Amino acid sequence: MKVSKLDSHKMRIAIDNGPLKSGHKIRGVGMYTRELIKALGSNVEAVDFSKADLGKYDVIHYPYFGIFTNILPFPKPTKTVITIHDLVPLIYSKHYPPGLRGSLRLLEKRLLLGGVDAIITDTETSKKDIVRFLGVKPEMVHVVYLAPKEIFRKLTDKRLLTAAKKKYKLPDRFVLYIGDVNYNKNIPNLIAACKIAKLPLVICGKQALDVEDLGNDLRALKGPRDWVRFLFGKPHPELAHYKEILKAFNRDKNVMRLGFVLDADLVAIYNLATLYCQPSLYEGFGLPVLEALACGTPVVAAKTQALVEIAEGAARFVDPYDPKDIAKGFKNLVRSPRLASRQAKLPRDYSWDKVAQETLAVYAQI
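What you are looking at is a predicted structure, and each value in this text was computed from that prediction instead of being measured.

Some words on the overall build of the chain
Within the chain, the regular secondary structure consists of 15 helices and 12 strands. Out of the 366 residues belonging to the chain, those deemed buried represent 53%. At a minimum sequence separation of 6, the contacts of the chain that also span at least 24 residues come to 70%. Summing over all exposed atoms, the chain offers an accessible surface of approximately 18,000 Å²; the carbon and sulfur share of this is 54%.

Have a look at this one:
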């Protein structure tokens with residue numbers, strides 16, 4: 001189904017394509033921006049907001065929200081929409097201390113949000129966080145669920161599966177995880193659970209390979225407090241976390257880190273996986289869960305609000321703080337193929353056409 005054009009007074013709508021030109025391009029924000037622009041088609045113009053004359057548009061849409069980073073001021077009378085995917089750094093403030101500069105930028109962001117006409121977020125869970133942490137009125141926040149890309153599907157061509165298995169030297173059975181290795185992702189407990197279940201762990205994502213530098217590279221030191229911590233042997237909590245993750249990787253030889261993987265190979269890896277696990281302590285959405293389900297791959301997920309919200313009835317939920325319970329979830333699915341097959345289905349209609357339609361509705365409303 002094609003997204004129909006907005007016929008509301010021929011509005012001119014712009015969406016910022018900046019995330020497609022930065023480090024975000026291979027991460028979640030880049031994927032969201034790319035797929036949204038594609039789904040919206042001729043309804044929007046994709047432009048670089050740092051260079052464009054935004055005043056000529058009726059509606060502008062920032063598809064990202066950096067909590068502690070700079071963002072351009074919102075022009076008026078142009079109507080402004082901003083997407084806030086999650087507020088992980090505010091929820092786990094001890095692990096993501098902003099420092100003085102970050103705190104000032106957060107204060108600036110709160111003030112800027114007073115000039116926004118609508119906020120889009122991924123789940124009801126994130127909406128509650130936005131209202132609570134940023135002091136935004138609930139009626140300003142619109143929930144638009146994300147969707148897996150069309151490429152993610154169940155593969156029947158065994159040649160594709162055999163080629164991917166050979167290319168990445170994958171074991172016959174393995175647990176798959178895709179994404180970053182930040183604190184909230186709970187990777188140490190995932191590694192421990194795989195060890196208990198005696199299943200290899202395969203991780204796809206650039207950050208898992210970059211972690212060697214993230215915990216040791218002086219370029220990661222952002223401000224004066226970081227340098228003081230470094231000199232006294234007490235690194236920033238986030239950098240300390242990366243060091244611990246690296247130790248965990250080096251201790252366990254059954255962890256395979258593939259780095260960034262193109263979608264054409266990723267769909268095959270999903271199909272080859274014995275199961276997919278999203279062990280996060282917190283998620284704003286959890287898109288790999290939907291990608292795995294779209295591929296017919298059984299899913300074990302942490303029993304946290306957003307993951308239950310998007311995958312209830314289609315995943316096996318476990319206690320993310322207990323590696324033994326995570327491992328039990330693995331074993332239950334491995335031992336019960338019928339249960340795994342029954343659960344590994346998308347629980348509702350997730351599509352980028354639907355994302356586009358609901359996003360257009362937000363534009364029209366403001």
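Here the narrative resumes, following the displayed structure.
So, the sheet that holds strand S9 (residues 255–259)
Overall, parallel pairing links the 6 strands, which are arranged S9-S8-S7-S10-S11-S12 in an open sheet. Of all strands in the sheet, those bounded by a partner on one side alone are S9 and strand S12 (316–318). In this sheet, neighbouring strand axes are inclined to one another by 25 degrees on average, regardless of whether the strands run parallel or antiparallel. With 4 bridges joining them, strand S8 (residues 201–204) and S9 adopt parallel strand pairing. Counted as the bridge partner of Leu201 is Val255 from S9. With respect to the sheet, helix H11 (residues 287–294) is in contact with strand S7 (175–178), strand S10 (275–278) and strand S11 (299–302), its orientation differing from that of S10 by roughly 165 degrees.

Examining the pattern of salt bridges
Scanning the model with the defined rule gives 11 salt bridges in all. Close ionic contact of Glu35 with Lys38 constitutes a salt bridge, the shortest N to O distance being 3.6 Å. On the criterion of helical spacing, the pair formed by Glu35 and Lys38 is a turn pair, its members being 3 residues apart in helix H1 (residues 28–40). With relative accessibility at 7%, the residue Glu35 sits in the buried group.

Conventions adopted
- Residues numbered from 1 in each chain as written.
- Predicted model: local features only at pLDDT ≥ 70, side-chain atom pairs only at ≥ 80, totals over all residues.
- Heavy atoms only, no water.
- Helix = DSSP H or I, 4+ residues; strand = E, 2+ residues; numbered from the N terminus.
- Buried < 20%, exposed > 50% of the residue type's maximum accessible area, 1.4 Å probe, protein only.
- Contact = heavy atoms within 4.5 Å.
- Areas by Shrake-Rupley, 256 points an atom, 1.4 Å probe, with all protein chains shown as cover.
- Pairing = 2+ DSSP bridges.
- Axes fitted to C-alpha atoms, helices over the stretch in contact; angles between N-to-C directions.
- Salt bridge = Lys/Arg side-chain N within 4 Å of Asp/Glu carboxyl O.

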